[in-house]
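Architecture at a glance
Here are the chains, one letter per residue:
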Amino acid sequence: QRADKEAACGQSDRPHELKAAAPHSPARVAERQPAASEALPKISSSMTVNNVDYSVLSANAELNASFISALKDTFAAQAGHGVTAWDVELKLAAGSVLVTAEIAGPRGVPVDVLRSAMNPKALQQAVVQKVSALDGIAKVSKGEISVSKVEVTVSEVEVRAEAK
């Protein structure tokens, strides 16, 4: 039993013999390379989709899923540079429909390039076009769909890369 305990702790009866080091032993800690950090672009956006009733929309699971999919596709298409709908995290809230989006920007694309791609006016027009074209949107809207209060921020976020 003593040998089992010693092996688990990285110790041996013989001082010159080193068994596999325990995960948190000084030998293991020294093996790890410090994690590097890098700046990745992050796109944050908010807007209001007017004349869509949030409570009626959220009660219609199929239409709500189509609405979310249309928004994610639109944000990804506007960002370009390999951004997909999977990279877009959306939150919807009442007040017509308040939309908040967080997008993980792609590595290697300068922030100013993404800032140009995420033009608020172009994003506004694209969302209106995409949402207005949804099948069944008339069931949850009251009048012509419009988008207002469009805000887009593109910044860099420090991310610690995993040690290899």
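Now for a quick tour of the structure.

Cut-off values and rules
Residues numbered from 1 in each chain as written. Predicted model: local features only at pLDDT ≥ 70, side-chain atom pairs only at ≥ 80, totals over all residues. Heavy atoms only, no water. Helix = DSSP H or I, 4+ residues; strand = E, 2+ residues; numbered from the N terminus. Salt bridge = Lys/Arg side-chain N within 4 Å of Asp/Glu carboxyl O. Buried < 20%, exposed > 50% of the residue type's maximum accessible area, 1.4 Å probe, protein only. Expected span 1.5 Å × (residues − 1). Contact = heavy atoms within 4.5 Å. Polar contact = N/O pair within 3.5 Å; in protein donor to acceptor, adjacent residues only side chain to side chain. Core = buried A, V, L, I, M, F, W, Y, C linked by side-chain atoms within 4.5 Å. Pairing = 2+ DSSP bridges.

This paragraph deals with the environment of Gly136. The topology assignment puts Gly136 in the loop between helix H6 (120-132) and strand S4 (141-160). C-alpha separation for the pair Gly136 and Ser66, spaced 70 residues apart in sequence, amounts to 9.7 Å.

Okay, the pattern of salt bridges next. Using the criterion set out here, one finds two salt bridges in the structure. Where Glu102 meets Lys42, a salt bridge forms, and the shortest distance between an N and an O atom there is 3.3 Å. Here Glu102, found in strand S3 (residues 97-104), pairs with Lys42, found in strand S1 (residues 37-52); they are 60 residues apart in sequence, far enough to count as distant. A relative accessible area of 27% means that Glu102 is categorised as partly exposed. We classify Lys42 as partly exposed; its relative accessible area is 33%. The closest approach of N and O atoms between Asp53 and Lys142, which form a salt bridge, is 3.4 Å. Residue Asp53 is found in the loop between S1 and helix H3 (54-59), and its partner Lys142 is found in strand S4; the two are separated by 89 residues along the sequence. The class for Asp53 is buried, based on a relative accessible area of 19%.

Glancing now at H6. With 13 residues, H6 should reach 18 Å at 1.5 Å per residue; the first-to-last C-alpha distance of 18 Å fits that figure. Among all positions of H6, only Leu123, Gln124, Ala126, Val127 and Val131 are buried. Buried residues along H6 sit in contact with S1, helix H4 (61-79) and S4. Where H6 begins, one side-chain oxygen reaches toward the backbone nitrogen of Lys121, 2.9 Å away; that side chain belongs to Asn119.

In this section: the nonpolar core. In terms of nonpolar packing, the biggest core is built from 34 residues, with Val49, Phe67, Leu71, Phe75 and Val99 touching the most fellow members. Among the elements of the structure, S1, H4, strand S2 (88-94), S3, helix H5 (111-117), H6 and S4 are those that each provide at least two residues to this core. It is H4 that contributes the most residues to this core, seven residues altogether. When residues no more than four places from it in sequence are discounted, the contact partners of Phe67 are Val49, Leu57, Leu92, Val97, Val131, Leu134 and Ile137.

Burial along S3 is one-sided: Val97, Val99, Ala101 and Ile103 are buried, while Leu98, Thr100, Glu102 and Ala104, pointing the other way, are not. Sheet analysis places S1 next to S3, joined by eight bridges and oriented antiparallel. Counted as the bridge partner of Ser44 is Glu102 from S3. Judged from the seven bridges that link them, S2 and S3 form a sheet pairing that is antiparallel. Of the residues in S3, the one forming a bridge with Leu90 is Ala101. Connecting S2 to the antiparallel partner S3 that follows it, the hairpin turn spans two residues, and Gly95 within it adopts a positive phi of roughly 120 degrees.

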